[in-house]
Amino acid sequence: MLEEVKKKQYQNKVDEVTPTHSLWKNMGKAFLVGGIICTIGQAIIQMGLGMGLDKETAGTWCSLILVLISVVLTGFNMYPSIVKFGGAGALVPITGFANSVAAPAIEYKKEGQVFGVGCKIFTIAGPVILFGVFTSWILGVVYYILQALGVVA
């Protein structure tokens, strides 16, 4: 009986300290933040098209500007607040990737350029880059073989 009381007290303590999250509220915030980021991106593309750039070049400039904005906001410690509010809405777009590269570089700057920034800059983004390059290489080899066999023109 004493064991049962202890288990119940423990469970009450766990329930007390465990944060509760509203799925719909989190999805709404992610939708809002992701939508704002995409709207800013679309505005950049439209401005580029309005200045006479072709669609591909305007898209490239859009990516570059969004990455720059993300890195600057990370440097001023503002992007983590956006991520805390918007969750996946701020992490999934290219701005989240830029944040994941810039944040460790800023955090470990005090350890020096080589052992701080150089070693830590890709702690989060490194695996993404590695698997992206590796997958591209594998698909390139498969495509080359399929071309050699005449399966793909």
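See the structure shown above.
Here the structure is a predicted model, which is why all the values come from computation and not from measurement.

### With respect to the overall build of the protein
- Helix and strand counts for the protein stand at 8 helices and 0 strands.
- Along the protein, from the amino end to the carboxyl end, the secondary structure elements read α-α-α-α-α-α-α-α.
- Out of the 153 residues in the protein, the part that is buried amounts to 21%.
- In the protein, of all internal contacts separated by at least 6 residues, the share reaching a separation of at least 24 is 49%.
- Accessible surface, the protein: about 11500 Å² in total, of which carbon and sulfur atoms supply 71%.

### Observations concerning the packing of helix α2 (residues 23–50) against helix α4 (residues 79–86)
- The N-to-C vectors of α2 and α4 enclose an angle of 135 degrees; their axes lie 8 Å apart at closest approach. Here α2 is positioned oblique relative to α4, judged by the angle of their axes. Contact residues: K29, A30, L32, V33 and I37 in α2; Y79, I82, F85 and G86 in α4.
- Of the residues in the contact of α2 with α4, the class split is 7 nonpolar, 1 polar and 1 charged.

### A few points about the pattern of salt bridges
- The tally for this structure, following the rule as stated, stands at 1 salt bridge.
- K13 is the partner of E16 in a salt bridge, and the nearest nitrogen-oxygen pair spans 3.8 Å. Note that E16 and K13 are positioned in helix α1 (residues 2–17) at a spacing of 3 residues, about one turn of the helix.

### Some details on the state of the cysteines
- With the rule as written, the count across this model stands at 0 disulfides.
- Cysteine C38 remains unbridged, with the sulfur of C62 as its closest cysteine sulfur at 8.9 Å.
- Judged by its relative accessible area of 7%, C62 is buried.

### Things to note about helix α3 (residues 55–75)
- Here α3 contains 21 residues, and its C-alpha end-to-end distance of 30 Å stays within 8% of the 30 Å for a straight helix at 1.5 Å per residue.
- Sitting at the head of α3, D54 places a side-chain oxygen 3.2 Å from the backbone nitrogen of E56.
- Looking one or two residues beyond α3, the residue adopting positive phi is N77, at roughly 60 degrees.

### Brief notes about the environment of W61
- Here W61 shows up in helix α3.
- Residues W61 and I45, 16 residues apart in the sequence, show an inter-C-alpha distance of 7.6 Å.
- Apart from the residues lying within four places of it in its own chain, the contact partners of W61 are I44 and L53.

### Describing α4
- For α4, the set of buried residues is Y79, V83 and G86. One side of α4 carries all its buried residues, which in axial view fall inside an arc of 85 degrees.
- One or two positions beyond α4, positive phi appears at G87, with a value near 55 degrees.

Cut-offs applied
Residues numbered from 1 in each chain as written. Predicted model: local features only at pLDDT ≥ 70, side-chain atom pairs only at ≥ 80, totals over all residues. Heavy atoms only, no water. Helix = DSSP H or I, 4+ residues; strand = E, 2+ residues; numbered from the N terminus. Buried < 20%, exposed > 50% of the residue type's maximum accessible area, 1.4 Å probe, protein only. Contact = heavy atoms within 4.5 Å. Areas by Shrake-Rupley, 256 points an atom, 1.4 Å probe, with all protein chains shown as cover. Axes fitted to C-alpha atoms, helices over the stretch in contact; angles between N-to-C directions. Parallel < 35°, antiparallel > 145°, perpendicular 65-115°, else oblique. Nonpolar A, V, L, I, M, F, W, Y, C, P; charged D, E, K, R; others polar. Salt bridge = Lys/Arg side-chain N within 4 Å of Asp/Glu carboxyl O. Disulfide = S-S within 2.5 Å. Expected span 1.5 Å × (residues − 1). Polar contact = N/O pair within 3.5 Å; in protein donor to acceptor, adjacent residues only side chain to side chain. Arc of directions from axis to C-beta.

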